[in-house]
Amino acid sequence: MQKDVQEILQSVGKVIIGKNETVLQTIIAMLCGGHVLLEDVPGVGKTQLAAALSRSVGGEFHRIQLTPDIMPSDITGYSVVNQKDGSLEYRPGAAVCNFLLADEINRASPKVQSALLEIMEEHQISLDGQTHILPSPFMVIATQNPVETYGTYHLPEAQMDRFFMKISMGYPTLQEELAILERNGEGNPITNISEAVISTQEVSTLQQKVNTVQVSDRVKNYILALVRATRESDFSALGVSPRGSISCYKAVRAAAFVHGRGFATPDDVKELAVPVLAHRILLSPKGRNSLGTSEALVQHLLETLPVPPET
């Protein structure tokens, strides 16, 4: 594995126990400049994951609890009048940071969701005729509870499409939960990360290196075949958009880089297709009856679609 990525993984592992795949997927999203939607039940470590990743790379971490009374200005910031000269002064909101944890995003009103997702797309805030560029790297880790629906607002498909990945941590195993009990018995495990293993500037350098990874026509054609199959399948009412194709292309580059290779392979596509593509698909009634979830549809396509031959 790439040395810097291994160090980040080990650092986050001082806080998060036994979720290496989830942590690695989050790191891959960070290297691609993408945002992550963590959909899981409460109490499995979503907040700790975001905080641990931020500490590991020396980034500024903000958390905002999204409730129905949160206003867009709480995220974007607002302008106030300077009483001395009458000029407008910008007061930064929660989004002005490197890592923003948007807790329970589906509890925020659609207006707040739109403000947040516009920031995710543009990496900047436009307010009162001025543009405020967000720090680099900038990453949103949003969470939502898939079980509780009372007092929540559904995220429309167009907004879901702006998340680079949707992943789930899941419950720990018996041995992992025993280790969690012992670690938390010693205090808040986030304090185990005393210093960053790399800097935010080095993260930006890693992001540039990811862009040098070669992707062959074979891998590109495999991505496109998979994406087009989601659009043409009887199991889907809405397939993956071109934004999803681009995200998958970026993800396989990052996966290859993480594993120390200068070229992507079809296995990289298979590794990341579900978290990158599934949340962008809307199942048809037939798909819901036959497969149940969009993740199952992507997995079905991975098992049935042949990998294009070498050219």
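Our structure's up above, just so we're on the same page.
None of these values were measured; they are calculated from a predicted model.

Quick notes on the rules
- Here, residues in each chain are numbered from 1, in the same order as that chain's written sequence.
- Per-residue local features of the predicted model are confined to residues with pLDDT of at least 70, and side-chain atom pairs are confined, for both listing and counting, to 80 or more; whole-chain, interface and lining totals are unaffected and use all residues.
- Excluded from the side-chain calculations are hydrogens and water; all other atoms, namely the structure's heavy atoms, are used.
- The way it works is that DSSP assigns letters per residue, a run of H or I at least four long becomes a helix, a run of E at least two long becomes a strand, and they are numbered from the N terminus.
- Between buried and exposed lies partly exposed: a residue is buried under 20% and exposed over 50% of the maximum accessible area for its type, with that area taken using a 1.4 Å probe on protein chains only.
- In what follows, residue pairs with any heavy atoms lying within 4.5 Å of each other are defined as contacts.
- All accessibility values rest on the Shrake-Rupley procedure with a 1.4 Å probe; residue burial counts only the protein chains present in the view.
- Counted charges follow a simple rule, with Lys and Arg positive, Asp and Glu negative, and His plus the chain ends left uncounted.
- Where a charge sits is defined by one atom per residue type, namely NZ (Lys), CZ (Arg), CG (Asp) or CD (Glu).
- Any two strands are treated as partners once DSSP identifies two or more bridges connecting them.
- What qualifies as a polar contact is a pair of N or O atoms within 3.5 Å, subject to a donor-acceptor requirement within protein and to the restriction that residues adjacent in sequence count only when both atoms come from side chains.
- By this rule the span expected of a helix is its residue count minus one, scaled by 1.5 Å.
- This arc corresponds to the set of directions leading from the helix axis out to the C-beta atoms.

## Brief notes about the overall build of the protein
So, step 1. Counting its regular elements, the protein contains 13 helices and eleven strands.
So, step 2. Overall, the C-alpha framework of the protein stretches about 70 × 40 × 40 Å when taken along its three principal axes.
So, step 3. The buried share of the protein, taken over its 311 residues, is 50%.
So, step 4. At a minimum sequence separation of 6, the contacts of the protein that also span at least 24 residues come to 78%.
So, step 5. Here the protein displays about 14800 Å² of accessible surface, and carbon together with sulfur accounts for 51% of that area.
So, step 6. Charged side chains in the protein number 26 positive and 34 negative. The centres of these two groups are separated by 4 Å.

## Some details on the pairing of strand E1 (residues 36–39)
So, step 1. Taken together, the four bridges between E1 and strand E8 (residues 139–144) define a ladder with parallel strand orientation. Pairing of leucine 37 across the sheet is with alanine 142, part of E8.
So, step 2. Bridge count for E1 against strand E9 (residues 165–167) is three bridges, and the pairing is parallel. Paired with valine 36 across the bridge in E9 is methionine 165.

## Details of the environment of serine 241
So, step 1. Mapping serine 241 onto the fold places it in the loop between strand E10 (236–238) and helix H10 (242–258).
So, step 2. Measuring from C-alpha to C-alpha, the distance between serine 241 and arginine 231 comes to 8.6 Å, with ten residues separating the pair along the chain.
So, step 3. Ignoring sequence-local partners within four residues, the contact set of serine 241 consists of Asp161 and Arg231.
So, step 4. Polar contacts involving the side chain of serine 241 include one to the side chain of aspartate 161, which spans 2.7 Å.

## Remarks on unusual backbone geometry
So, step 1. Here the bond from serine 136 into proline 137 is cis, since omega is 0°, no more than 30 degrees from zero.
So, step 2. A positive phi angle is found at glutamate 104, which is not glycine, with a value near 55°.
So, step 3. Relative to the helices and strands, glutamate 104 resides in the loop between strand E5 (99–103) and helix H5 (110–122).
So, step 4. Unlike most non-glycine residues, histidine 123 shows phi in positive territory, near 55°.
So, step 5. Here histidine 123 lies in the loop between H5 and strand E6 (124–127).

## Re helix H9 (residues 217–232)
So, step 1. Counted at 1.5 Å a residue, the expected span for H9 with its 16 residues is 22 Å, and the 22 Å between its end C-alpha atoms agrees.
So, step 2. Looking at H9, one finds that the buried residues are Val219, Tyr222, Ile223, Leu226, Val227, Ala229 and Thr230. Relative to the axis of H9, the buried residues are bounded by an arc of 155° and lie together on one face.
So, step 3. For H9, the elements touching its buried residues are E10, H10, helix H11 (266–277) and helix H13 (294–304).

Read these as geometric descriptors, not functional statements.
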